[in-house]
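Observations on chain architecture
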Amino acid sequence: MATTRYLVVVYVVTAGLHDDDLGSDEEETVLFAWVVVDITNNKVVHLNHHVVKPRTADVNENILSEVARNRYGLTEEQIKNGQPLENVLEQLDQFVKTKLSSETGRSFQLITDGQLHLRQVLHPEASNKGIPLPEYFNTFYDLRKEFRKFYKNNDFHTIEDIINYLCIEGDASADCAIQKVQNMANIIIRLITDGHKFDDPEIVIDKLEPGICTKNEVVDSNTVVRARGLPWQSSDQDIAKFFKGLNIMKGGVALCLSPQGRRNGEALVRFVNQEHRDMALKRHKHHIGQRYIEVYRANGDDFVNVAGGNNNEAQTFLSKGGQVIVRMRGLPYDCTAQQVIEFFANGDNSCQVMHNEDGVLFVRKSDGRATGDAFVLFETEDMAAKALQKHREVIGARYIELFRSTTAEVQQVLNRSMDPRTFEPQLPLIASLPHVPLIPQQLLPSGSRKDCIRLRGLPYEAQVEQILEFLGEHAKNIVFQGVHMVYNAQGQPSGEAFIQMDSEQSAQVAAQQRHHRYMIFGKKQRYIEVFQCSVDDMNLVLTGGIPVQRQLLSPGGTLLPPPYGGYPYPVQTSQVLPTAVSAANAASLTPARIQSFAYPNPFNLIYAWPYPSPPVSPTTYYTHSGPTMLTTDCIQLQRNGDGRPNGEAMVTFPTRADAERAIQEKNRQNIGNRYIELFMA
């Protein structure tokens, strides 16, 4: 590489937040300014700035924040007539290649005001838009750090502070972005004049590298975050892409597994230092596809517990240095390493396993029996891409599932497979619950009349008054104390409610007219599912299909003495069911008056029956034209150890033919915006 002769100052403005929060709201770039400083002759040789058109400009009318409008003088019309980001980057690239490069290589480096312009804006935005950034965006100088390093002063955090400290006359340009880059150029010239050397650039690690973590390793808690809400099929590369621009340690992505050994939508990520961890925390609720990802602090022990291992077989396998690890699932129990090698070598997309049989690691139980899983090493990304295209091809009579894996997952799976408790059968939650009545018979009589409606998808904060407002004119048909909020075993809202109406006709009309309508709650807008049902249907839903006499607590009721010395889940009265309202007065009540309808409960505690896995859509309660009628007894949603759904379910059909027909007709169809895969179990 040639000696650095030029520094290219890069400054970006987004449509959203600025300064220390730049990039934390995922908004797109709307202004891109850059200036070239000749550090040999200490002068500015080129200045340019571009208004950038966001991809959402043609869809949204109001994109710009108040700061973007007032401080930078931008207007909606300007950005709609701007250039796409890829065009702006191409113009910069053409300039530096023709003007600032020579036969010996490039003679320039980028420099920015802090880390955020590149790490939190340009790198993630370019990655999300599929724009390849030139390699010189992976090294840059941080002007703030260079100032602190040379002047040994950590008291100044903005360009304006530094300008004042150095007694440099600020730029008088009317355009705020041009002021910024010109002031930065003046600071650079002053640093060079005073004898500073720009010789230690910041590095952006562009690719996630594999690495091994042992159980004895000490991990700094200030470098680890927990990402939650990941799509179950996310790989370590997907997570590294989410944190694009930030430097992750080798082997620093640990996908968390459920007790069943499946990914549970969480990952622990270890960064090179606290600065990068803090920037990662600012990506809280950024998106992978349509899903927002929650990012929280974690500690070093969390990471070691997930990623660390002392299994000698795993350590030997991982030390062979494969670029990519692929996990195989569903192997015949008598499968050999040679069969695995032939599986990848034969047919279309032929690929070679690294180190042949030594590149295959079978997962076995503590007694040596096979589990049907294996890990396979591949030398390059291209080879692994070919291997993954063999997903669901067969070995013998078994189709094989393939997933990209990580060193941490290998450690987790091997650690768990050697623990005999991992394979002990788990008793279902419902089987352990006593079948006891929770409220007296007269409060909620059994019945098959479909004079009730079920609301699903409610905001967790929604109360009775919001439900009444949502139902509108239909609220006047609610019977006295007929609103029943459903809570889970922890006493938290489940997002569902059952409402008793004064007739089947009222329930039918309410369900037809309010189904898939929106409930506005603060800034939230949620569409609500509304189904007609009966009291028996309520109990069927609340018990996951087990016919218990009474499972629904309604306001104002009394509680029978507990026959077994107490119910399993005590909850404070204030957390349980909100008040229901009389049909005659529903339309005119305020929230305060609604509360006055609550009858005082003679007990300090009300016991809420646990809310198990929800059934399929209540539309299955009614006759349909299909050949097979499913009930909630047939469906069991799978959950992680912490009780959260893991995205899988077991469905039992009357006959094998019904199951095969369901797979043929429904496989890879969508529920919402997610396609669903079906397999014969």
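The structure presented is a predicted model; accordingly, all values stated were derived computationally and were not measured. Chains are numbered independently. Their residues run from 1 in the order of the written sequence. Thresholds applied to this predicted model are a pLDDT of at least 70 for local features of residues and 80 or more for the giving and counting of side-chain atom pairs; totals over whole chains, interfaces and linings are not thresholded and use all residues. For side-chain calculations, the full set of non-hydrogen atoms in the structure is used, while hydrogens and water are omitted.

With respect to a nonpolar patch on the surface
Candidate patch residues must exceed 30% relative accessible area and have no salt bridge, after which like charges are joined if within 9 Å and Val, Leu, Ile, Met, Phe, Trp or Tyr side chains if within 5 Å. Only the protein chains shown count as cover for residues, and all accessible areas are computed by the Shrake-Rupley method using a 1.4 Å probe. We count a salt bridge whenever a side-chain nitrogen from Lys or Arg sits within 4 Å of a carboxyl oxygen from Asp or Glu. A grouping of Ile-203, Ile-205 and Val-272 is seen on the molecular surface, where their side chains present a nonpolar patch of about 210 Å² in accessible area. Helix and strand labels come from DSSP, where a helix needs a run of H or I of at least four residues and a strand needs a run of E of at least two; each type is numbered from the N terminus. Position of Val-272 among the secondary structure elements: in the loop between strand S11 (263–271) and helix H9 (274–281). For Val-272, a relative accessible area of 33% puts it in the partly exposed group. Exposure categories follow from relative accessible area, calculated using a 1.4 Å probe and restricted to protein chains: below 20% of the type maximum is buried, above 50% is exposed, and the middle band is partly exposed.

A word on the sheet that holds S11
With antiparallel pairing, 5 strands are arranged side by side in an open sheet as S10-S11-S9-S13-S12. Bordering the open sheet on either side are strand S10 (248–257) and strand S12 (286–288), each of which pairs with just one other strand. For this sheet, the mean angle separating the axes of adjacent strands, direction not counted, is 30°. As judged from the 4 bridges shared by strand S9 (residues 224–228) and strand S13 (residues 291–297), these two strands associate in the antiparallel manner. In the sheet register, Arg-226 faces S13, and the bridge partner there is Tyr-296. Sheet strands in contact with helix H10 (residues 300–307) are S9, S10 and S11, and its direction is about 70° off that of S10. Together, S10 and S11 form the strand contacts of helix H14 (residues 407–417), whose direction differs from that of S10 by roughly 45°. Whether two strands pair comes down to DSSP finding at least two bridges between them. To obtain an axis, a line is fitted to C-alpha atoms, over the contacting stretch when the element is a helix, and the angle between two such axes runs from 0 to 180 degrees between their N-to-C directions. In this description, contact between two residues means that some pair of their heavy atoms is separated by no more than 4.5 Å.

Things to note about the sheet that holds strand S14 (residues 324–329)
The strands that make up a sheet are held in pairs by hydrogen bonds between backbone atoms, and each pair lies either parallel or antiparallel. Spatially, the 4 strands line up as an open sheet ordered S15-S16-S14-S19, and their pairing is antiparallel. Lying at the two open borders of the sheet, with one neighbouring strand each, are strand S15 (360–364) and strand S19 (401–405). For this sheet, the mean angle separating the axes of adjacent strands, direction not counted, is 25°. Direction of pairing for S14 relative to strand S16 (residues 370–378): antiparallel, over a ladder of 6 bridges. Across the sheet, residue Val-324 finds its bridge partner in S16, namely Phe-378. Against the sheet, helix H12 (residues 337–345) makes contact with S14, S15, S16 and S19, and its axis sits at roughly 125° relative to S15, the strand it touches most. Packed onto the sheet, helix H13 (residues 381–388) meets S14, S16 and S19 and runs at close to 155° relative to S19.

A word on unusual backbone geometry
Of note, the phi angle at Glu-26 is positive, near 65°, even though the residue is not glycine. Here Glu-26 is to be found in the loop between strand S1 (6–14) and strand S2 (29–38). Residues other than glycine seldom take positive phi values, yet Cys-167 does so here, at roughly 55°. Position of Cys-167 among the secondary structure elements: in the loop between helix H6 (159–165) and helix H7 (176–193). Given a relative accessible area of 69%, Cys-167 falls into the exposed group.

Section: the nonpolar core
Counting residues in each nonpolar core, the largest one holds 49 residues, and the members touching the most others are Val-8, Phe-32 and Phe-243. Of all hydrophobic cores here, the second largest spans 40 residues; its members include Ile-39, Leu-64, Tyr-151 and Ala-185. By nonpolar core is meant a set of buried Ala, Val, Leu, Ile, Met, Phe, Trp, Tyr and Cys residues that side-chain atoms within 4.5 Å join together.

Overview of H7
How far a helix is expected to stretch is found by multiplying one less than its residue total by 1.5 Å. Look at H7: 26 Å from first C-alpha to last across 18 residues, which is about the 26 Å you get at 1.5 Å a residue. Within H7, 14 of the 18 residues are buried, leaving the element largely enclosed by the surrounding structure. Identification of polar contacts relies on pairs of N or O atoms within 3.5 Å, with a donor-acceptor requirement for protein atoms, meaning one able to donate a hydrogen and the other able to accept it, and with residues adjacent in sequence counted only if both atoms are side-chain atoms. Of the residues that open H7, the one with a side-chain oxygen 2.9 Å from the backbone nitrogen of Ala-177 is Asp-175.

Things to note about the packing of helix H5 (residues 143–151) against H7
In the contact formed by H5 and H7, the axes pass within 11 Å of each other and the chain directions differ by 30°. Between H5 and H7, the crossing angle belongs to the class labelled roughly parallel. As H5 runs across H7, the sense of the crossing is left-handed. When H5 is examined against H7, the residues Leu-143, Phe-147, Phe-150 and Tyr-151 are found in contact with a partner set consisting of Met-184, Ile-187, Ile-188, Arg-190 and Leu-191. Charged means Asp, Glu, Lys or Arg here, nonpolar means Ala, Val, Leu, Ile, Met, Phe, Trp, Tyr, Cys or Pro, and polar covers whatever is left, Gly included. Among the residues making up the contact of H5 with H7, the classes are represented as 8 nonpolar, no polar and 1 charged. To sort the angles, those under 35 degrees are grouped as roughly parallel, those over 145 as roughly antiparallel, those from 65 to 115 as roughly perpendicular, and the leftovers as oblique. Take the far helix as your reference; a near helix turned counterclockwise from it by less than a right angle gives a left-handed crossing, and one turned clockwise gives a right-handed crossing.

Some details on the packing of aromatic side chains
Two rings from Phe, Tyr or Trp (for Trp, the six-membered ring) form a pair when their centres sit within 6.5 Å of each other. Planes less than 30 degrees apart are called stacked, planes more than 60 degrees apart edge-to-face, and all others tilted. Inspection of the entire model under this criterion finds 14 aromatic pairs. The interplanar angle of 80° and the centroid separation of 5.0 Å between the aromatic rings of Phe-343 and Phe-344 together place this pair among those described as edge-to-face. A relative accessible area of 0% places Phe-344 in the buried class. Ring-pair connections join several aromatic residues into one group, and the members of that group are Phe-147, Phe-150, Tyr-151 and Tyr-165. Geometrically, a charge over a ring is one whose NZ (Lys) or CZ (Arg) sits within 6 Å of the ring centre while staying within 35 degrees of the ring normal. The ring of Phe-108 has Arg-106 sitting right over it, with the charged end atom 5.4 Å from the ring centre. Over the ring of Tyr-399 we find Arg-392, and its NZ or CZ is 4.9 Å from the ring centre.

Here's the deal with the pairing of strand S20 (residues 452–456)
Working note: regular strand, side chains alternate between the two faces of the sheet. Taking burial as the measure, the 5 residues of S20 include 5 buried ones, the bulk of the element. Side-chain alternation along S20 places Cys-452, Arg-454 and Arg-456 on one buried face and Ile-453 and Leu-455 on a second face that is also buried. By the bridge criterion, 5 bridges tie S20 to strand S22 (residues 493–501) in an arrangement that is antiparallel. Along S22, the bridge assignment pairs Leu-455 with Ala-497.

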